[in-house]
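Next come the chains, spelled out residue by residue.
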Amino acid sequence: MAYNYFDKLDSVAQGRYSTKLVLINSDECPYKFPAGVWKNNPSCWPDLQFGDVYSYLIDSPGIFTRASMKSYKSLDAHNYFQSGWVQTVYSYKPATSAYTILKADVRPSQRLNEEPHHPWVALSGDGSVAVAHCNCMAGLAESCSHIAALLFKVEAAVRLGYTTKLCTELPCKWNADFVKKSSSLTWHEQRIGRITSSVVYSVLHTDFNNPAPSLLKTLCNPSSKSLDHVPAIHWGKENEKVALHQYSATMKTQHQHFNMSSAGFLISKETPFIGASADSVASCSCHGNRVIEVKCPFSHKESTLQEYVKDPSSCIVANGREVKTTHKYYYQIQLHMYVHDVNLCDLVIYTSKVTAIFLYFTQ
Ligand SMILES: [Zn+2]
Ligand SMILES: [Zn+2]
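Residues numbered from 1 in each chain as written. Chains lettered and ligands numbered in written order. Predicted model: local features only at pLDDT ≥ 70, side-chain atom pairs only at ≥ 80, totals over all residues. Heavy atoms only, no water.

Draft legend 1. The coordination of the zinc ion (ligand 1), seen in detail. For the zinc ion (ligand 1), every protein donor is listed as C134 (SG), C136 (SG), C144 (SG) and H146 (ND1), and the spread of their distances is 2.0 to 2.3 Å. For the zinc ion (ligand 1), the four donor atoms in the first shell make angles of 105 to 119 degrees at the metal, so the coordination geometry reads as tetrahedral. We note that the donor set of the zinc ion (ligand 1) lies within a single chain, spaced as C-x1-C-x7-C-x1-H. Of this pair, C136 sits in the loop between β4 (129–133) and α6 (145–159) while H146 sits in helix α6, and the two are 10 residues apart along the sequence. Here C136 falls in the partly exposed class, since its relative accessible area comes to 30%. (Donors = N, O, S within 2.8 Å, 3.2 Å for Na, K, Ca; no water. Tetrahedral: all angles 85-135°; square planar, octahedral: opposite > 155°, others 65-115°. Helix = DSSP H or I, 4+ residues; strand = E, 2+ residues; numbered from the N terminus. Buried < 20%, exposed > 50% of the residue type's maximum accessible area, 1.4 Å probe, protein only.)

Draft legend 2. Region of the structure containing the domain arrangement of the chain. Structurally, the chain comprises domain 1 (6–184) and domain 2 (231–361). A separation of 47 Å is found between the C-alpha centroids of domain 1 and domain 2. (Domains from an automatic or database assignment.)

Draft legend 3. Region of the structure containing the coordination of the zinc ion (ligand 2). The zinc ion (ligand 2) binds to the protein through H255 (ND1), C284 (SG), C286 (SG) and H287 (ND1); the donor distances cover 2.0 to 2.3 Å. Seen from the zinc ion (ligand 2), its four donor atoms lie at angles of 100 to 115 degrees, and the figure they make is tetrahedral. Sequence spacing among the residues donating to the zinc ion (ligand 2) works out to H-x28-C-x1-C-H. Residue classification places H287 among the partly exposed residues on the basis of a relative accessible area of 39%.

Draft legend 4. Inspection of the sheet that holds strand β5 (residues 259–261) at higher detail. With mixed pairing, the five strands of this open sheet are ordered in space as β5-β8-β9-β10-β11. Since the sheet does not close on itself, it has two edges, and those belong to β5 and β11 (355–361), each with one partner. Each neighbouring strand pair of the sheet contributes to a mean axis angle of 25 degrees, computed without reference to strand direction. Pairing geometry for strand β10 (residues 344–350) and β11, over seven bridges, is antiparallel. Bridge pairing links D346 to L359 in β11. On top of the sheet, helix α11 (residues 231–254) reaches β5, β8 (280–284), β9 (288–295), β10 and β11; it is set at about 120 degrees to β10, its chief contact. (Pairing = 2+ DSSP bridges. Axes fitted to C-alpha atoms, helices over the stretch in contact; angles between N-to-C directions. Contact = heavy atoms within 4.5 Å.)

Draft legend 5. Region of the structure containing the pattern of salt bridges. With the rule as written, the count across this model stands at five salt bridges. Of the charged contacts, one joins R16 and E142 as a salt bridge, the two residues approaching to 3.1 Å between their closest N and O atoms. On the criterion of sequence distance, the pair formed by R16 in helix α2 (residues 11–23) and E142 in the loop between β4 and α6 is long-range, its members being 126 residues apart. Of the residues examined, R16 reaches a relative accessible area of 21% and is grouped as partly exposed. For E142, a relative accessible area of 19% translates into the label buried. (Salt bridge = Lys/Arg side-chain N within 4 Å of Asp/Glu carboxyl O.)

Draft legend 6. Just the sheet that holds strand β3 (residues 120–123), in detail. Strands sit in the order β1-β2-β3-β4 across an open sheet of four strands; the sheet is antiparallel. Only two strands of the sheet have a single neighbouring strand rather than two, namely β1 (90–92) and β4. The average undirected angle you get between the axes of adjacent strands in this sheet is 20 degrees. Running at roughly 145 degrees to β4, α2 makes contact with β3 and β4 of the sheet. Strands β2 (100–103), β3 and β4 of the sheet are contacted by α6, whose axis makes an angle of about 50 degrees with β3.

Draft legend 7. Seen up close, the environment of N221. Looking at the secondary structure, you find N221 in the loop between α10 (213–220) and α11. Considering only alpha carbons, one finds N221 and G193, 28 residues apart in sequence, at a separation of 7.4 Å.

Draft legend 8. Just α6, in detail. Between the first and last C-alpha of α6 there are 20 Å, a value that for 15 residues agrees with the 21 Å anticipated at 1.5 Å per step. Extensive coverage of α6 is indicated by the burial of 14 of its 15 residues. (Expected span 1.5 Å × (residues − 1).)

Draft legend 9. Quick look at the side chain of K324. Within the secondary structure layout, K324 lies in the loop between α12 (305–310) and α13 (328–340). There is no salt bridge for the buried K324, and the closest opposite charge comes from D311, which lies 6.9 Å off by N-O distance. Looking at K324, its side chain comes within polar contact range of the main-chain oxygen of P312, at 2.9 Å. The contact partners of K324, leaving out residues within four places of it in the chain, are D311, P312, S314, C315, I316, V317 and Y330. (Lys, Arg positive; Asp, Glu negative; His and termini not counted. Polar contact = N/O pair within 3.5 Å; in protein donor to acceptor, adjacent residues only side chain to side chain.)

Draft legend 10. Broad picture of the environment of H340. Tracing the backbone through its elements, the reader meets H340 in helix α13. Given the relative accessible area of 17%, H340 is considered buried. The spacing of H340 and K70 is 270 residues in sequence and 49 Å in space, taken between C-alpha atoms. Apart from the residues lying within four places of it in its own chain, the contact partners of H340 are A263, L266, A276, A278, V281 and V291.

So, in structure tokens, the structure goes:
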């Protein structure tokens, strides 16, 4: 949230905002509190009851009325909370104030790249809502869906007993986890139950009448844990961009109107249980569309291409030109080409010594 939020308001809004700060005996705008004072600790939250939420929302000028609160579960604000768009709630009780300030970022929609809204609320010790503010507010409104969504989350925590627990680990986890984190969560969710390039080889090499339990487990619950601490994964991620950059620079000199873009997660139109996250996609006017597969073999990070090809575990045939049809990567390439409906794949092998490009065609 912008540190200079207050300075950017017009004079009328500044006056209103200052009044709120006076009401809670705070000399400083909560948007200016140092990051270090905010804590994820529901046991510090006042005892906010539904009645407190109700009274604040219908009594303060804004979008909420007695009638709309009657079916509060159908409100946008309640939906924001239910959908996990209220991020981790942080609290702080300034020494000069009798109020506890709670804040959270609230995402405006399922479009995860949109800038979130920044509501804060000040609760008195008994849980009643004294003051609330949100940077989305216009005119004289004193409440908005983002404030209400934040209040709904805090009310749920109180109701579920998370604010009275002596053991703080579970409530803090609930607070942080009841959140749609980033596009990677959606990406992760989309992979659940689908055959993707990381499992296609194993799927085609298991006994269909008696599939390996570990494979079924991977399919139904693909790991969402970051593996960035694994050196080979780290190396691959670090160098994939470099490889793609060098690949694109080379291709531009050899093809007409060469254009590369990121691919995202694509689900097969014909067989929706198959999905692909190709490393990139590209097109040129001389050859058309293709998918790009980048491999940065960690065990060969210092190797020349000849050294890599000589290794029996390499994906390239000894002639140095073709992809081995028995190799795991071959299955990945086939799957990516199928899902993207192209018959061309550029396989990029990257080591610190070489960036080699192999074209793979199907007829
Ligand atoms: Zn708002
Ligand atoms: Zn071309």
